[in-house]
Amino acid sequence: MEKQAGRHAAAVRLDDPWCDALGSGWSEPLDSGLGWGAIPAEVPVPGWGAHRALDAPPGEEEWPGLDPRAPGGCEALTPTSGHAHPQHGDRLSTADIYLEVQRSDAFQRVRRRYRGFVVPVGLAFLLWYFGYVIAAIAAPTLMARPVVGAVNVAMLAGLAQFLTTFLLTWAYARHARLHRDPEALELRWLVFDWDRARRIAPGEHGEPGEPGSAGRGSGR
Amino acid sequence: MSGDHQTLALLLFSAFVAATLVITSRVSRGRQGSPEEFYAGGRLFSPMENGFAIAGDYMSAASFLGISGLIALFGYDGMLYSVGFLVAWLVVLFFVAELVRNCGRFTLADVIASRMRERPVRIAAGTSSVIVSVFYLVAQMVGAGSLVALLLGGTSQSARSWAVVGVGALMVVYVSFGGMRATTWIQIVKAVLLMAGALTLTVLVLVRFHGDVNALLSTAAERSGHGREFLAPGLKYGGNWTARLDFISLGLALVLGTAGLPHILSRFYTVPTARAARRSVVWAIGLIGGFYLMTIVLGFGAAAVVGTAEVRTSGAAGNTAVPLLALDLGGGAGTTGGTILFAVVAAVAFATILAVVAGITLASSASVAHDLYSALRRPRSRQRSEVAVARIAAAGMGVVAIGLGLLARDLNVAFLVGLAFAVAASANLPVLFYSLFWRNFTTRGAVWSVYGGLVPAVLLVVFSPVVSGGAESLFPGSDFQLFPLQNPGLVSIPLGFLAGWIGTLLSSERPDAAKHAETEVRALTGAGAV
């Protein structure tokens, strides 16, 4: 629900919804997302916010005030690589949308943060686990060394495996919640908005009115 | 074995069956037979509910009976299963759960097919999912059989066979009529029962030793007949280097297999978002970790209280250690306490088997209907609804599982599950990893990677000591054993990765940058997720 409020506030601040992103760029995903996502100022935003916050499939209602030029019409959205920016006044295909988002700073950041956590931590725990397994067969005398009473090194190592699993689970969940979730959600709505604009645009023949058609290709 | 505990156990078990049938009929009432409903239960379960259901799906009879039994027989070497089964969840949490939730709809093949040419990829991934499910199902059926044999006294072969048939029939009913919604609720009920049962026994074991873990371990070592060696690695896997390599192979299969199990993957689709999928895995890890810690106590407890020799007499594979432990903890055979506890444990174990079997059957019927049928159906043939096909497929899986379950009755359940994990890690995991993380992956790479892992894994099992050439083999009379290891993972998992890589290098098709962008963006942001 806070999402909804944030959206609303951000949208109201916008004077020129088309090119507002010029100033802020990708560094502020909320604002630029809106500018980019082609929501004209006259669109009733609270309704939209509620719609999104509920995670409902996009409805079929008309979208007053939409300008078909919108997606890709704003020069501020130059992707980082500068490659294949969608032409001015042209509509984006689904492929273009995803390519564009993939090149964006915000997405690169989400991906970097994700990989920056799971690759080193994943390697570390796999090494630790296989180290444990290999120690059990290669160094049985070490593993059998008693520590306290009947408890030996092997027992402690096994319990330590449990402990590290719990700790890493907690760390991952925390990292994802703090460092990935907000931006990933912004990007999700960005794709949604863009895709919607693409489908509503006049003259567009790609599956009009079918909700989420762009994203659903996989399952069919 | 007195008649009392049999009657009581049967009563409790009938109560569970009745309750699950009520759940099945209630939750499926008035629901349309849409695929969304049948495969994913409407996608509206909460993370906590799904976490319990994941734990319920995962904590199989193999864990409850098999791992404790292995620990009771071989001491520390059985503990590897507990550790491996839990650590595997980090792989699921880090690399699979959220991304799969975001990219797929119902099955593993959905994730891969979104980037590739659909037909060959669906056939490959659907086939491997079904085969993994069959391996896993057999393990559960064997568990059901040995439990009932114990319950009804001695080695009553017909009772055993009827148990396998009964479990098979019930699972078909749950899945065909209740779909994912009923299956999920059955998993949740079962997870709660199983945790409660394990917790009770653990507390009783600890009370028996006055909370002194040291005394528990020392007694276990003493009564095992192995002394201190019982508490250190090496009893089962310590002999020659073949046995040691087997241990590594098993360790590899356990930690990488979970992420490729179809029935686990399909659970992520029952929650609305990737974030919910993550939170359900966190719940599941908490429950599963707690449970496996308890199996360790129960295993050593069975060795200490019942004695390794007695466990082995009751069942050579060790699957009956926990029920025997319960009988003793309650006061011994013939006492009221012993009767009740034994009956409760037997009923819980049976509930476990039923629930897990239902989960696997559902996932495999989804693979048959959503992947294989839709890809293989001739375009002009009469269109059947996918859900109808899935219901028929569930019945078919039931027949296959019953048949194989009757055949493979004398193998340790945890060990059989280890094989299923090896096949899952070889056939499903490489293709999943490549699809999610490798930009240049192609259709040919995907197909090669599935078959390149699946075929060696299955062949190596066929030519392993599990099937022939040993006293404990499936066919002890014949000998076509060529491969020394019991678990194929060490060879077949690298082969799966290698085949995918070579297939990609050799394919003429150029990798599709747009499709890769779509997969990557969707996986990490949830854009376009259903």
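Residues numbered from 1 in each chain as written. Chains lettered and ligands numbered in written order. Predicted model: local features only at pLDDT ≥ 70, side-chain atom pairs only at ≥ 80, totals over all residues.

## Some points on the overall build of chain A
- Along chain A, the regular secondary structure elements total nine helices and two strands.
- Going from N to C terminus, chain A has its helices and strands arranged as α-α-α-α-α-α-α-β-β-α-α.
- Counting only residues that meet the buried cut, chain A has 35% of its 220 residues in that class.
- The long-range share in chain A, meaning contacts at least 24 apart out of those at least 6 apart in sequence, stands at 63%. (Helix = DSSP H or I, 4+ residues; strand = E, 2+ residues; numbered from the N terminus. Buried ≥ 20, exposed ≤ 12 C-beta atoms within 10 Å, placed from the backbone. Contact = placed C-beta atoms within 7 Å.)

## Here we look at the overall build of chain B
- Of the regular secondary structure elements, chain B holds 21 helices and zero strands.
- Compactness check: chain B gives a C-alpha radius of gyration of 22 Å against a globular reference of 24 Å for 530 residues, within 12% of the reference.
- With respect to the principal axes defined by its C-alpha atoms, chain B has extents near 65 × 55 × 45 Å.
- Counting over 530 residues, chain B shows a buried share of 65%.
- Contacts spanning at least 24 positions in sequence make up 81% of the contacts within chain B whose residues lie at least 6 apart. (Rg over C-alpha atoms; globule rule 2.2 N^0.38 Å.)

## Brief notes about the confidence of the model for chain B
- Across chain B, the average pLDDT comes to 86, with 95% of residues at or above 70.
- Our summary of model confidence lists the complex with pTM equal to 0.82 and ipTM equal to 0.90. (pLDDT = per-residue confidence, 0-100.)

## Topic: the UniProt feature "transmembrane region" (unreviewed entry) in chain A
All names here are of chain A.
- The UniProt record marks residues 117-139 and 151-173 with the feature "transmembrane region" (unreviewed entry), using the residue numbering of this structure.
- The span residues 117-139 is 96% helix and 0% strand, and its two end C-alpha atoms sit 31 Å from each other.
- Structurally, residues 151-173 is divided into 91% helix and 9% strand, and its ends, taken at the C-alpha atoms, are 32 Å apart. (UniProt positions renumbered as here; feature names shortened; annotations may be inferred.)

## Digging into the interface of chain B and chain A
- Between chain B and chain A, the residue contacts involve 53 residues of the former and 51 residues of the latter.
- Those elements that place two or more of their residues in the side of chain B that touches chain A are helix H5 (76-103), helix H6 (108-113), helix H9 (213-224), helix H10 (241-257), helix H12 (274-305) and helix H21 (513-525) of chain B.
- The element that contributes the greatest number of residues to the side of chain B that touches chain A is H5 of chain B, accounting for eleven residues.
- Along the lines of polarity and charge, the residues of the side of chain B that touches chain A split into 33 nonpolar, twelve polar and eight charged. (Nonpolar A, V, L, I, M, F, W, Y, C, P; charged D, E, K, R; others polar.)

## Things to note about the packing of helix H6 (residues 105-138) of chain A against helix H9 (residues 181-200) of chain A
All names here are of chain A.
- Between H6 and H9, whose axes approach to 10 Å, the crossing angle comes to 140 degrees. Comparing the axis directions of H6 and H9 gives the class oblique. H9 is crossed by H6, and the crossing has left-handed handedness. Contacts between H6 and H9 pair Ala106, Phe107, Arg109 and Val110 from the former with Glu183, Ala184, Glu186 and Leu187 from the latter. (Axes fitted to C-alpha atoms, helices over the stretch in contact; angles between N-to-C directions. Parallel < 35°, antiparallel > 145°, perpendicular 65-115°, else oblique. Left-handed = near helix turned anticlockwise from the far one by under 90°.)

## Observations concerning the packing of H10 of chain B against helix H20 (residues 489-506) of chain B
Residues and elements named next belong to chain B.
- Here H10 crosses H20 at 45 degrees, and the two axes come no closer than 8 Å. Relative to H20, H10 is oriented oblique. Between H10 and H20, the contacting residues are Leu245, Ile248, Ser249, Leu250, Leu252, Ala253 and Leu256 on the first element and Gly489, Leu490 and Ile493 on the second.
- Here the contact of H10 with H20 is built from residues that sort into eight nonpolar, two polar and no charged.

## Let's talk about unusual backbone geometry
Residue and element names in this part refer to chain B.
- With a phi close to 60 degrees, arginine 43 is a non-glycine residue in the positive phi region.
- With respect to the helices, strands and loops of the structure, arginine 43 is situated in the loop between helix H2 (35-40) and helix H3 (47-58).
- On the basis of neighbour count, arginine 43 is assigned to the partly exposed category, with 18 C-beta atoms found within 10 Å.
- We note that histidine 210 has phi near 55 degrees; this positive angle belongs to a residue other than glycine.
- By the element assignment, histidine 210 lies in the loop between helix H8 (157-208) and H9.
- Looking at histidine 210, the number of C-beta atoms within 10 Å reads 8, which means it is exposed.

## Some remarks on the nonpolar core
Residues and elements named next belong to chain B.
- Core analysis: the biggest nonpolar cluster contains 240 residues, and Ile288, Ala302, Leu325, Ala420 and Val423 have the highest contact counts within it.
- With 24 residues, the top contributor of residues to this core is helix H15 (residues 336-376).
- The residues contacting alanine 302, other than those within four sequence positions of it, are Ser68, Ala72, Val311, Ala321, Val322, Leu324 and Leu325. (Core = buried A, V, L, I, M, F, W, Y, C linked by C-beta atoms within 7 Å.)

## Focus: the environment of valine 281 of chain B
Residues and elements named next belong to chain B.
- Take valine 281: it is sitting in helix H12.
- The spatial distance from the C-alpha of valine 281 to the C-alpha of methionine 48 is 9.1 Å, given a sequence separation of 233 residues.
- Setting aside anything within four residues of it in sequence, one finds valine 281 in contact with Ile54, Trp89, Val92, Leu93 and Ala97.

## A closer look at the confidence of the model for chain A
All names here are of chain A.
- Mean pLDDT over chain A works out to 64, with 49% of the residues at or above the 70 mark.
- The weakest mean pLDDT in chain A belongs to helix H2 (residues 21-24) at 34; the strongest belongs to helix H8 (residues 153-179) at 94.
- Ignoring residues within four places in sequence, the model shows residues 1-89, a span with pLDDT below 50, making 120 contacts including any to other chains.
- Low pLDDT, under 50, characterises residues 204-220; the stretch is placed with 33 contacts to residues that sit more than four places away or in other chains.

## Comments concerning the environment of phenylalanine 94 of chain B
- The topology assignment puts phenylalanine 94 of chain B in helix H5.
- Separated by 226 residues in the primary sequence, phenylalanine 94 of chain B and threonine 320 of chain B place their C-alpha atoms 35 Å from one another.
- Those residues in contact with phenylalanine 94 of chain B that lie beyond four places of it in its chain are Val118, Gly122 and Tyr172 of chain A.

## A look at H10 of chain B
Residues and elements named next belong to chain B.
- Spanning 17 residues, H10 covers 23 Å between terminal C-alpha atoms, matching the ideal 24 Å at 1.5 Å per step.
- Along H10, twelve of the 17 residues are buried, which leaves the element largely enclosed by surrounding structure.
- Three or more residues of H10 are buried, namely Asp246, Phe247, Ile248, Ser249, Leu250, Gly251, Leu252, Ala253, Leu254, Val255, Leu256 and Gly257. (Expected span 1.5 Å × (residues − 1).)

## A look at H21 of chain B
- The end-to-end C-alpha distance of H21 of chain B, which contains 13 residues, comes to 18 Å, matching closely the 18 Å that a straight helix rising 1.5 Å per residue would cover.
- Every buried residue belonging to H21 of chain B is among Ala517, Glu518, Thr519, Glu520, Val521, Arg522, Ala523, Leu524 and Thr525 of chain B, and all of these are buried.
- Of the surrounding secondary structure, the elements contacted by the buried residues of H21 of chain B are helix H5 (94-103), H6 and H9 of chain A together with H5 and helix H18 (429-437) of chain B.
- Glycine 526 of chain B sits one or two residues past H21 of chain B and shows a positive phi near 85 degrees.

## Structural notes on the environment of tryptophan 128 of chain A
Residue and element names in this part refer to chain A.
- Mapped onto the secondary structure, tryptophan 128 falls in helix H6.
- A residue is classified by how many C-beta atoms lie within 10 Å of it, and tryptophan 128, with 15 of them, is partly exposed.
- For the pair tryptophan 128 and alanine 157, spaced 29 residues apart in sequence, the C-alpha separation works out to 10.0 Å.

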